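A closer look at the structure
Each chain is listed here by its residues.
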Amino acid sequence: MTEGEKEKAKAAAVAGVGAGVGSAGGATVGVLELAARGVATGFTAGLAIGAGAAVGAGLAYGIYRLFKKRK
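Notes on the structure in this doc start here. Note that the structure is a prediction, hence the values are computed from the model and not measured.

1. Describing the overall build of the protein
Per the secondary structure count, the protein includes two helices and zero strands. Per-residue burial for the protein yields a buried fraction of 18% across its 71 residues. If you take every contact in the protein between residues at least 6 apart in sequence, the share linking residues at least 24 apart comes to 70%. Counting only carbon and sulfur atoms, one obtains 71% of the accessible surface of the protein, whose full area is about 4900 Å².

2. Quick word on the packing of aromatic side chains
Given two aromatic rings, one states the distance between the centres and the angle between the planes to describe the pair. For the structure on display, the rule yields one aromatic pair. Centre to centre, the rings of Tyr61 and Tyr64 are 6.4 Å apart; their planes meet at 35°, and the pair counts as tilted. Taken together, the residues Tyr61 and Tyr64, both in helix α2 (residues 42-70) and three residues apart, mark about one turn of the helix. Here Tyr61 falls in the partly exposed class, since its relative accessible area comes to 35%. Take Tyr64: its relative accessible area is 17%, and that puts it in the buried class.

Procedures and definitions
Residues numbered from 1 in each chain as written. Predicted model: local features only at pLDDT ≥ 70, side-chain atom pairs only at ≥ 80, totals over all residues. Heavy atoms only, no water. Helix = DSSP H or I, 4+ residues; strand = E, 2+ residues; numbered from the N terminus. Buried < 20%, exposed > 50% of the residue type's maximum accessible area, 1.4 Å probe, protein only. Contact = heavy atoms within 4.5 Å. Areas by Shrake-Rupley, 256 points an atom, 1.4 Å probe, with all protein chains shown as cover. Phe/Tyr/Trp six-rings, centres within 6.5 Å; stacked < 30°, edge-to-face > 60°.

Below, the structure is given as structure tokens:
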């Protein structure tokens, strides 16, 4: 495995972990808030979870890149 491939694998792993955390956060905050208001449907719950996953992956990758540049 080349160095470039190793870096891509690390970035993918970090983004995957961030997406998992973001999904859990989106499910907890977004869906429970909507359910409390009586507006939660399968579609809106999916949007909340998907948005959480996207944000989590983006933040995790951004933090990874920030620390990588410091070395």
